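Structural overview
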2 protein chains.
Amino acid sequence: MHDVAALAGVSHQTVSRVINRSANLRPETRDRVLAAIEELGYRRNMAARTLVTGRTHSIGVLTPGDPNFGKSSSVQAVERATREAGYFPLVTSAASESDSIAKALEFLRDRSIEALVVVAPHDTVLKQLETLDSDVPVITLQTGGYDEGHAVTINQADGVRAAIDYLRSMGHRRIQHVSGPPDYFEAQLRRAAFDEAVTAHGLAQFPTLAGDWRADSGYVCGTQIDADATAVFCSNDQMALGVIHALSDAGRTVPGDVSVVGFDDIPESAHSLPPLTTIHQDFEGVGQRAVELILAQINGEVAPEGGPFTPWLVVRESVRRL
Amino acid sequence: MHDVAALAGVSHQTVSRVINRSANLRPETRDRVLAAIEELGYRRNMAARTLVTGRTHSIGVLTPGDPNFGKSSSVQAVERATREAGYFPLVTSAASESDSIAKALEFLRDRSIEALVVVAPHDTVLKQLETLDSDVPVITLQTGGYDEGHAVTINQADGVRAAIDYLRSMGHRRIQHVSGPPDYFEAQLRRAAFDEAVTAHGLAQFPTLAGDWRADSGYVCGTQIDADATAVFCSNDQMALGVIHALSDAGRTVPGDVSVVGFDDIPESAHSLPPLTTIHQDFEGVGQRAVELILAQINGEVAPEGGPFTPWLVVRESVRRL
DNA sequence: ATTTATCGGGCGCGCTCCGAA
DNA sequence: ATTCGGAGCGCGCCCGATAAA
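Residues numbered from 1 in each chain as written. Chains lettered and ligands numbered in written order. Predicted model: local features only at pLDDT ≥ 70, side-chain atom pairs only at ≥ 80, totals over all residues. Heavy atoms only, no water.

What follows covers empty space enclosed by the protein. A probe matching the size of a water molecule, rolled over the atoms, marks out where space remains unfilled. Scanning the entire structure with this criterion turns up five cavities of 30 Å³ or more. Of the pockets and cavities examined, the largest cavity occupies roughly 390 Å³. Around the largest cavity, the lining is made up of 21 residues, and of these A:S72, A:V75, A:V91, B:S72 and B:V75 lie nearest the centre. Of all the secondary-structure elements, those providing two or more residues to the lining of the largest cavity are α5 (69-84) and β2 (88-94) of chain A together with α5 (69-84) and β2 (88-94) of chain B. The class makeup of the residues in the lining of the largest cavity is six nonpolar, 10 polar and five charged. The calculated volume of the second largest cavity comes to roughly 290 Å³. Lining the second largest cavity are 18 residues, with A:T50, A:R111, B:A47, B:T50 and B:R111 sitting closest to its centre. Only α4 (46-53) of chain A together with α4 (46-53) of chain B provide two or more residues apiece to the lining of the second largest cavity. (1 Å grid on protein atoms, 1.4 Å probe; cavity = no way out; pocket = protein on both sides within 12 Å on 5 of 7 lines; lining within 4 Å. Points joined across faces, edges and corners; volume = space filled by probe spheres on them. Helix = DSSP H or I, 4+ residues; strand = E, 2+ residues; numbered from the N terminus. Nonpolar A, V, L, I, M, F, W, Y, C, P; charged D, E, K, R; others polar.)

Next comes the structure, spelled out in structure tokens:
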């Protein structure tokens, strides 16, 4: 900066002015400084700037657990929206274990982030979040209960109801559930909503089979589907794929013998055999909304209303009318 | 820091020593300082530290394009390995367009990264990389030609050969190719290797159908598969899924009427109907190797040898013996 | 003399390093 | 063997200076 000032024949302060606010600057002077900057290939030092302003303009994004379609989509939307707002996303992934999450949180705090967006699929994350004493605004991407102003959520129960109502409208009364891992909010909520629907509509009861979200676990669950069940409601698409595979290996066709409904609408689901009927969620919308809420908090504005997102049914070919 | 020093009754310099090298410190003093730090909840300021040391301890990771299984796996491995080495990964995604990549590169440079890992699936990224004049070590994750010391690659031709040899061993002589988008190195290399194999073994010639990696485009290509082809070699698994779907819609079964081989071995492929025979790539290994090379460059060591990774065939049920 | 536009000097952000005690 | 004081990293902010209106 000193060199630039010398070359342009001005003071370092004028160089600073050129870089930041351009008010009260003679165009001629500005051009001279700009030329000097160009010639010297000068770039301002972020660390020094941060040190004096106390601002980093960066927003931390914490994503625990293995990558998956929903998370990736949301995080990508968060990144984009953050950048568009003139902030820098500091995306940090972590394992699902609490110490890994704690480390990531510490890393983020050390970088003086001005806000934090956390993908919070299970309780471990939320617990660690409470540990963090920092006064930056925090928004969680949950799929659990709606916490006005601090979380962006998708109404899982709505999705489950859409699935079960559809299955019922197709004549199904004997539906078995393949759930996700019990510590995941999504799995809990979908299962609870499923149980509720079973009770409310007097549907047949089957033991719920718990997978781990992955197709492999879906296959295992698929081998245990009750012979009396006419339909299977899976907590995500990958497991649905595994279930269909297992059913097929056992000589039962989908949807001929058994109908299957998934959840998430991953891109592959449109092209499985049969194409999977599933519940679609607006992952990008969730990410974008999260950033809107964060920015509102940063600027001290009132958070825009919105309520949870509503997922919807995508009918394809994995359900047969009885 | 000043407050901590005051509380502990020492100078700020002693506090600094406690935080950094612990040599030449009376244990009693250290404990006193540590207690003060704890009591005041003191955390050192990264910006100030960076400003004076000139080191950020962070490694930039640039990932252009939409998220996909391979990229996500590699990047995750890069993150993990970076962290284990005591560095901080600054993961930055970007669109595939050159201006978006340029912006991301600028962002990274502004953060004074000490090294850069770039996922480089197409020429646009490489071009932008040349623009970047910075003297930090750069490693690209390519799938293109092997550039000793600056790129980590997977030998695509080996993978293609494994697929075609397998198909040939099963009696196939009429194989059609569904390629990825022409600007992607992977697509180019796989197609070139395919063409070479066709020529070398005197296989039947079919027009190559170009998709865009997505299952939807695979479906479209699938509707155009030549009636004489007994097998389809797809440049990735998603497109293979789409092809199978289209074939099925047209009343042709896989592998009964047509055999299909994919590439990548995404987790869903094991549970498609039929389970997809495909080529497996060690994405995590690539990410890890990239970090090893980067660290070697940072430390001025000689880069560990290794050569390109070799993908392998995973036989499942989408190929029939003729 | 009073405003307005344009510029510069010095201070300090929080920390590490270099001598010196 | 320990500890301390001071300098300075690169920058933006506060205030004052200067010239022009």
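Anyway, onward from the coordinates.
Let us now look at the nonpolar core. With 34 residues, the main nonpolar core has A:L62, A:L116, B:L62 and B:L116 as its most contacted residues. Secondary structure elements with two or more residues in this core: β2, α6 (98-110), β3 (115-119) and α7 (123-131) of chain A together with β2, α6 (98-110), β3 (115-119) and α7 (123-131) of chain B. (Core = buried A, V, L, I, M, F, W, Y, C linked by side-chain atoms within 4.5 Å. Buried < 20%, exposed > 50% of the residue type's maximum accessible area, 1.4 Å probe, protein only.)

A word on the sheet that holds strand β9 (residues 259-261) of chain A. Residue and element names in this part refer to chain A. Ordered by their spatial adjacency, four strands build an open sheet running β7-β6-β8-β9, and the pairing between neighbours is parallel. What marks the edges here is a single partner per strand, and that holds for β7 (209-210) and β9. For strand β8 (residues 231-234) and β9, the ladder comprises three bridges, and the chain directions are parallel. By the bridge assignment, A231 is partnered in β9 with S259. Where helix α8 (residues 156-169) meets the sheet, its contacts fall on β6 (175-179), β8 and β9, and the angle it forms with β8 comes to roughly 170 degrees. (Pairing = 2+ DSSP bridges. Contact = heavy atoms within 4.5 Å. Axes fitted to C-alpha atoms, helices over the stretch in contact; angles between N-to-C directions.)

This paragraph deals with the pattern of salt bridges. The full count for this structure, using the stated rule, is 28 salt bridges over all chains. Between A:E114 and A:R55 there is a salt bridge, and its shortest N-O distance comes to 2.5 Å. With a gap of 59 residues between them, A:E114 in the loop between α6 and β3 and A:R55 in the loop between α4 and β1 (58-64) connect regions that are remote in the sequence. Look at A:E114 and you get buried, because its relative accessible area is 14%. One network of salt bridges, in which partners are shared, links A:R43, B:E106 and B:D110. (Salt bridge = Lys/Arg side-chain N within 4 Å of Asp/Glu carboxyl O.)

Our focus in this paragraph is the sheet that holds strand β6 (residues 175-179) of chain B. Strands belonging to one sheet form pairs held by backbone hydrogen bonds; the direction of such a pair is parallel or antiparallel. Within the open sheet, the four strands sit side by side as β7-β6-β8-β9 (chain B). Their pairing is parallel. A strand with exactly one partner marks an edge of an open sheet, and here the two such strands are β7 (209-210) and β9 (259-261) of chain B.

Taken together, 28 residues sit near DNA strand C, with A:T14, A:T29, B:Q13, B:Y42 and B:R49 positioned nearest. In the interface set of DNA strand C, defined as its atoms within 4 Å of the protein, sugar plus phosphate atoms amount to 61%. Within the backbone of A:S11, a nitrogen or oxygen atom sits 2.7 Å from a phosphate oxygen of DNA strand C. Between A:T29 and DNA strand C, the recorded distance is 2.3 Å, taken from a side-chain N or O atom to a phosphate oxygen. Of all elements in the fold, only α2 (12-19) and α4 of chain A together with α2 (12-19) and α4 of chain B reach the threshold of two or more residues within the surface near DNA strand C. Per-element accounting of the surface near DNA strand C gives the leading share, five residues, to α4(B). Here the residues of the surface near DNA strand C sort into nine nonpolar, 13 polar and six charged. (Near = heavy atom within 4 Å. Polar contact = N/O pair within 3.5 Å; in protein donor to acceptor, adjacent residues only side chain to side chain.)

Comparison of the two chain copies shows a relationship of rotation about an axis with a shift along it. Superposing chain A onto chain B takes a rotation of 180 degrees combined with a translation of 0.1 Å along the rotation axis, leaving an RMSD of 0.1 Å. On the angle and the small slide along the axis, the relation comes out as a two-fold axis. Identified as the residue of chain A closest to the rotation axis by C-alpha distance is A:A47, at 2.3 Å. Interface overlap between copies is the fraction of interface residues in one copy that are interface residues in the other; for chain A against chain B it reaches 100%, indicating a shared surface. (Least-squares fit on C-alpha atoms with pLDDT ≥ 70 in both.)

Looking now at the protein's contact with DNA strand D. As a structural note, the neighbourhood of DNA strand D is formed by 28 residues, with A:Q13, A:Y42, A:R49, B:T14 and B:T29 the closest of them. Among all atoms of DNA strand D positioned within 4 Å of the protein, those belonging to sugar or phosphate total 62%. Side-chain polar atom of A:R49 to a phosphate oxygen of DNA strand D: 2.7 Å apart, as the coordinates give it. One nitrogen or oxygen atom from the main chain of B:R26 is found 3.1 Å from a phosphate oxygen belonging to DNA strand D. Only α2 and α4 of chain A together with α2 and α4 of chain B provide two or more residues apiece to the surface near DNA strand D. Top contributing element to the surface near DNA strand D by residue count: α4(A), with five residues. Its residues assigned to classes, the surface near DNA strand D shows nine nonpolar, 13 polar and six charged.

Turning next to the packing of aromatic side chains. Under the definition given, this model contains 10 aromatic pairs over all chains. Seen from their ring centres, B:F69 and B:F283 are 5.9 Å apart, and the 90 degrees between their planes marks the pair as edge-to-face. Here B:F283 lies in helix α12 (residues 283-298) and B:F69 lies in helix α5, a separation of 214 residues in the sequence. For B:F283, a relative accessible area of 8% gives the class buried. Taken together, A:F194, A:F233 and A:F263 form an aromatic cluster joined through their ring pairs. Across the ring face of A:F263, the terminal group of A:R190 is positioned such that the distance to the ring centre comes to 3.8 Å. (Phe/Tyr/Trp six-rings, centres within 6.5 Å; stacked < 30°, edge-to-face > 60°. Lys NZ or Arg CZ within 6 Å of the ring centre and 35° of its normal.)

Attention shifts here to the interface of chain A and chain B. Much of the literature gives interface size as the accessible area that the parts lose upon coming together. The interface is formed by 42 residues belonging to chain A together with 42 residues belonging to chain B. Taken over both partners, the interface formed by chain A and chain B buries close to 3,700 Å², and the fraction arising from carbon and sulfur atoms is 55%. Per-residue buried area on chain A facing chain B is highest for A:R43, A:H271 and A:L273; these three make up 20% of the total on that side. Linking chain A with chain B are four salt bridges. For B:R43, the salt bridge identified is with A:D110, shortest N-O distance 2.6 Å. Inspection of the chain A/chain B interface yields 14 residue pairs in polar contact (both at pLDDT 80 or more). Elements with a contribution of two residues or more to the side of chain A that touches chain B: α4, α5, β2, α6, α10 (215-222) and α11 (237-249) of chain A. Across the side of chain A that touches chain B, the residue classes tally to 18 nonpolar, 14 polar and 10 charged. (Buried area = accessible area lost by both parts, 1.4 Å probe.)

Moving on: the side chain of A:T92. Relative to the elements of secondary structure, A:T92 occurs in strand β2. Judged by relative accessible area, which is 1%, A:T92 ranks as buried. What A:T92 contacts, discounting residues up to four positions off in sequence, is A:V61, A:L62, A:T63, A:A104, A:F107, A:L108, B:E79 and B:R83.

Below, the discussion takes up α12(B). Residue and element names in this part refer to chain B. Between its terminal C-alpha atoms α12 stretches 23 Å, which fits the 22 Å expected from 16 residues at 1.5 Å a residue. If you check which residues of α12 are buried, you get F283, G285, V286, G287, R289, A290, V291, L293, I294, L295 and A296. Contact partners of the buried residues in α12: β1 (58-64), α5, β3, β4 (138-141) and β5 (151-152). G300 lies just past α12 and shows a positive phi near 65 degrees. (Expected span 1.5 Å × (residues − 1).)

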